[in-house]
Amino acid sequence: MSEKLHFSRRNFLKSSAIVAVFSAIPSSVKAFYHDVKHFIIPKKKVLPLKISINRKKYDLNADSRSTLLDVLREDLQLTGTKKGCDHGQCGACTVHVDGERVLSCLTLAATLPGKEVTTIEGLSEGKNLHPMQEAFIECDGFQCGYCTPGQIMSAVACVKEGHTKSVEEIKEFMSGNLCRCGAYNGIVESIQKVAAR
């Protein structure tokens, strides 16, 4: 009986010590966070942003940390540009800035005043599709369609850059755009068709 009492008293003391240590940690971590957060986390700054997208001028107030992808989708409701990995690895967010392809999830919107942004919505001329959009339809260059806007934007750039001399070259210069459905043969065929015109 006395052994049980002694044992439970020891457990109580150990448990009390553990609880005391763990209850002290959150307050010290919180204090540390408050001391260093202004060095680590930049403060939110809403700034005026003048940006040209698809040959149309926009005057916005945007967080200085906003990516082009977030401005397109959240502020302007231009949802053709897709948010895939949000880490620049899948290419679903590809757009053109001054005619060159960029990953909009890695591009700060604040760096774009004075530049022209073209999204998938800006490729067509009214109801007339861009030749690459037509080729994707004709050659079945898509399946689920999620990656298609980024694929088309990269494909247009690939042709413009002159990287269409062989299937291997096309694959190399389209390798930043992933298609989880595996529609690569149709994509390559679409690019070849447009490049041949």
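Since we're looking at a predicted model, the values are computed, not measured. (Residues numbered from 1 in each chain as written. Predicted model: local features only at pLDDT ≥ 70, side-chain atom pairs only at ≥ 80, totals over all residues. Heavy atoms only, no water.)

Engineer: I'm lost on the pairing of strand 2 (residues 56-63) in this one. Help?
Structural biologist: For a regular strand, the rule is simple: side chains alternate between the two faces of the sheet. Sheet topology places strand 1 (residues 46-53) next to strand 2; 8 bridges connect them, and they run antiparallel. The residue of strand 2 that forms the bridge with Val46 is Asp63. Adjacent in sequence and paired antiparallel, strand 1 and strand 2 are bridged by 2 residues, among which Asn54 carries a positive phi angle near 55 degrees. (Pairing = 2+ DSSP bridges. Helix = DSSP H or I, 4+ residues; strand = E, 2+ residues; numbered from the N terminus.)

Engineer: I tried to follow helix 6 (residues 184-196) on my own but got confused; where do I start?
Structural biologist: An α-helical turn contains 3.6 residues, so any two residues separated by three or four positions project in the same direction. For helix 6, with 13 residues, the first-to-last C-alpha span of 18 Å sits near the 18 Å given by 1.5 Å per residue. Gly186, Ile187, Val188, Ser190, Ile191 and Val194 are the residues of helix 6 that are buried. (Expected span 1.5 Å × (residues − 1). Buried < 20%, exposed > 50% of the residue type's maximum accessible area, 1.4 Å probe, protein only.)

Engineer: Help me out: how do you make sense of the nonpolar core in this one?
Structural biologist: The nonpolar side chains of soluble globular proteins are, as a tendency, buried together. Within the largest apolar cluster, 19 residues are counted, with the highest numbers of intra-cluster contacts made by Met132, Ile152, Met174 and Ile191. Within the residue set of this core, elements represented by two or more residues are helix 3 (131-138), helix 4 (148-161) and helix 6. Setting aside residues no more than four positions away along its own chain, Ile152 makes contact with Ile120, Leu123, Met132, Gln133 and Phe136. Membership of the second largest hydrophobic core comes to 16 residues, among which are Leu68, Leu72, Val95 and Val117. (Core = buried A, V, L, I, M, F, W, Y, C linked by side-chain atoms within 4.5 Å. Contact = heavy atoms within 4.5 Å.)

Engineer: Mind showing me how you'd approach the sheet that holds strand 1 here?
Structural biologist: Strand pairing in a sheet relies on backbone hydrogen bonds, with the paired strands running either antiparallel or parallel. A sheet is described by the order of its strands in space; here 5 strands give the open sequence 2-1-5-3-4, paired in mixed fashion. Each edge of the sheet is formed by a strand with only one pairing partner; in this case those strands are strand 2 and strand 4 (100-103). Ignoring which end each strand starts from, the neighbouring axes of this sheet average 40 degrees apart. Bridge count between strand 3 (residues 94-97) and strand 5 (residues 116-118): 2 bridges; the pairing is antiparallel. Bridging across to strand 5, His96 finds its partner in Thr118. Contacting strand 1, strand 2, strand 3 and strand 5, helix 2 (residues 68-75) crosses the sheet at an angle of about 105 degrees to strand 3. (Axes fitted to C-alpha atoms, helices over the stretch in contact; angles between N-to-C directions.)

Engineer: Whenever I open this one, the side chain of Thr81 confuses me. Can you help?
Structural biologist: Along the polypeptide, Thr81 turns up in the loop between helix 2 and strand 3. Once residues lying within four places of it in the same chain are set aside, the contact partners of Thr81 are Leu69, Leu72, Arg73, Ala92, Cys93, Val95, Ser104, Thr119, Ile120 and Glu121.

Engineer: Explain the packing of helix 4 against helix 6 to me, please; I cannot follow it from the model alone.
Structural biologist: The angle between the axes and the distance between the axes are what describe a pair of packed helices. Where helix 4 meets helix 6, the axes come as close as 10 Å, and the angle between the chain directions of the two elements is 40 degrees. Judged by the inter-axis angle, helix 4 sits oblique to helix 6. Considering only the axes of helix 4 and helix 6, their crossing is right-handed. Residues Gln151, Ala155 and Val159 of helix 4 lie in contact with helix 6, whose contacting residues are Ile187, Ile191, Val194 and Ala195. Considering only residue class, the contact of helix 4 with helix 6 consists of 6 nonpolar, 1 polar and no charged. (Parallel < 35°, antiparallel > 145°, perpendicular 65-115°, else oblique. Left-handed = near helix turned anticlockwise from the far one by under 90°. Nonpolar A, V, L, I, M, F, W, Y, C, P; charged D, E, K, R; others polar.)

Engineer: What is the right way to look at helix 2 in this model?
Structural biologist: Every buried residue of helix 2 is listed here: Leu68, Leu69, Val71 and Leu72. Packed against the buried residues of helix 2 are strand 1, strand 2, strand 3 and strand 5. Following helix 2 by one or two positions, Gln77 has its phi on the positive side, about 55 degrees.

Engineer: Honestly, the environment of Asn61 in this entry has me stumped. Any pointers?
Structural biologist: Looking at the element boundaries, Asn61 is found in strand 2. With relative accessibility at 61%, the residue Asn61 sits in the exposed group. With near-sequence residues (within four places) excluded, Asn61 lies in contact with Val46, Leu47 and Pro48.

Engineer: So what exactly am I meant to see when it comes to the pairing of strand 3 here?
Structural biologist: Burial along strand 3 is two-sided: Thr94 and His96 and Val95 and Val97, pointing in opposite directions, are all buried. The hairpin formed by strand 3 and strand 4 contains 2 residues between the paired strands, and Asp98 there has a positive phi angle of roughly 50 degrees.

Engineer: Please explain the environment of Lys82 as it appears in this structure.
Structural biologist: Take Lys82: it is sitting in the loop between helix 2 and strand 3. For the pair Lys82 and Thr94, spaced 12 residues apart in sequence, the C-alpha to C-alpha distance is 8.3 Å.

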